[in-house]
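Each chain is listed here by its residues.
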Amino acid sequence: MSRKTPGGKAMIDTSKKYWTGDCAADIDEWLRLYVPNETLDIKPVVCRACGGDGFLLRLDRDEGVIQVECTACGAKKILLDGEDYRAHARLRLRKCPVCKSCREYNLRVGFARRENGSVKWVYIGNRCTGCGTLGSWLDWKVSYEPTDEMERNI
């Protein structure tokens, strides 16, 4: 089954084992389906140096550290609060587990919030630019406040 926009354009194709999207904006819908019963505040990850939205990902799931490298200009950045945990992280380059060849992703960060507005959970949504597969390499609970500085570090 494919979800369609009012104009008839496919957004997320759910007919295969792994759902796929046509563009980076499809990650928003996927995250809302992945995290039911949550109002997510979703932000795009865009290179601050050149405005690009394709990234190589290096991450450590255990430490909750994600580094992005812009495929357009090569700028690197540790996202969110990852610098606080970087010393113990073993960052590994990720390739798409479905097409097995592509290493470039579009990204979105979804913030689930507490009643006071601070972040209680972070979800990293991704889309393989090669085959369109949607997923989430990483998510974690945030057990501290305030979270303003972390949120600005996208």
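One structure accompanies this document, and this report is about it.

Conventions and cut-offs
Residues numbered from 1 in each chain as written. Predicted model: local features only at pLDDT ≥ 70, side-chain atom pairs only at ≥ 80, totals over all residues. Heavy atoms only, no water. Helix = DSSP H or I, 4+ residues; strand = E, 2+ residues; numbered from the N terminus. Buried < 20%, exposed > 50% of the residue type's maximum accessible area, 1.4 Å probe, protein only. Contact = heavy atoms within 4.5 Å. Areas by Shrake-Rupley, 256 points an atom, 1.4 Å probe, with all protein chains shown as cover. Lys, Arg positive; Asp, Glu negative; His and termini not counted. Charge placed at Lys NZ, Arg CZ, Asp CG, Glu CD. Patch = residues over 30% accessible without salt bridge, like charges linked within 9 Å, V, L, I, M, F, W, Y side chains within 5 Å. Salt bridge = Lys/Arg side-chain N within 4 Å of Asp/Glu carboxyl O. Core = buried A, V, L, I, M, F, W, Y, C linked by side-chain atoms within 4.5 Å.

**Thoughts on the overall build of the protein chain**
Thought 1: On a plain count of helices and strands, the protein chain comes out with 2 helices and 11 strands.
Thought 2: Taken from the N to the C terminus, the helices and strands of the protein chain come in the order β-β-β-α-β-β-β-β-β-β-β-β-α.
Thought 3: Overall, the protein chain is about 45 × 35 × 30 Å in size when its C-alpha atoms are taken along their principal axes.
Thought 4: Per-residue burial for the protein chain yields a buried fraction of 44% across its 154 residues.
Thought 5: The contacts in the protein chain between residues at least 6 apart in sequence include a share of 54% that link residues at least 24 apart.
Thought 6: If you sum the accessible surface of the protein chain, you get close to 8,400 Å²; carbon and sulfur atoms cover 46% of it.
Thought 7: Here the protein chain carries 26 positive and 22 negative side-chain charges, and the mean point of each set is 6 Å from the other.

**Focus: a negative patch on the surface**
Thought 1: Side chains of Glu-83, Asp-84, Asp-148 and Glu-149 sit close together on the surface and give a patch of like negative charge.
Thought 2: Mapped onto the secondary structure, Glu-83 falls in the loop between strand S7 (76-78) and strand S8 (92-93).

**Brief notes about unusual backbone geometry**
Thought 1: The omega torsion across Glu-145 and Pro-146 is -5°, close enough to zero to call that bond cis.
Thought 2: Examined against the element boundaries, Pro-146 turns out to sit in the loop between strand S11 (134-141) and helix H2 (148-152).
Thought 3: The phi torsion at Lys-100 lies on the positive side, around 65°, for a residue other than glycine.
Thought 4: In this structure Lys-100 comes out as exposed when scored by relative accessible area, which is 53%.

**Brief notes about the nonpolar core**
Thought 1: With 26 residues, the main nonpolar core has Leu-80, Val-122 and Ile-124 as its most contacted residues.
Thought 2: For this core, the elements supplying multiple residues, two or more each, are strand S5 (55-60), strand S6 (65-70), strand S9 (104-113), strand S10 (119-128) and S11.
Thought 3: If we ignore the near neighbours within four places in the chain, the residues touching Val-122 are Leu-80, Val-109, Gly-110, Phe-111, Asp-139, Trp-140, Val-142 and Met-150.

**Let's talk about the environment of Ile-124**
Thought 1: Its location among the elements puts Ile-124 in strand S10.
Thought 2: In this structure the C-alpha to C-alpha distance between Ile-124 and Val-109, which are 15 residues apart in sequence, comes to 4.8 Å.
Thought 3: Apart from residues no more than four positions distant in its own chain, Ile-124 is found in contact with Ile-66, Leu-80, Leu-107, Arg-108, Val-109, Gly-135, Ser-136, Trp-137, Leu-138 and Trp-140.

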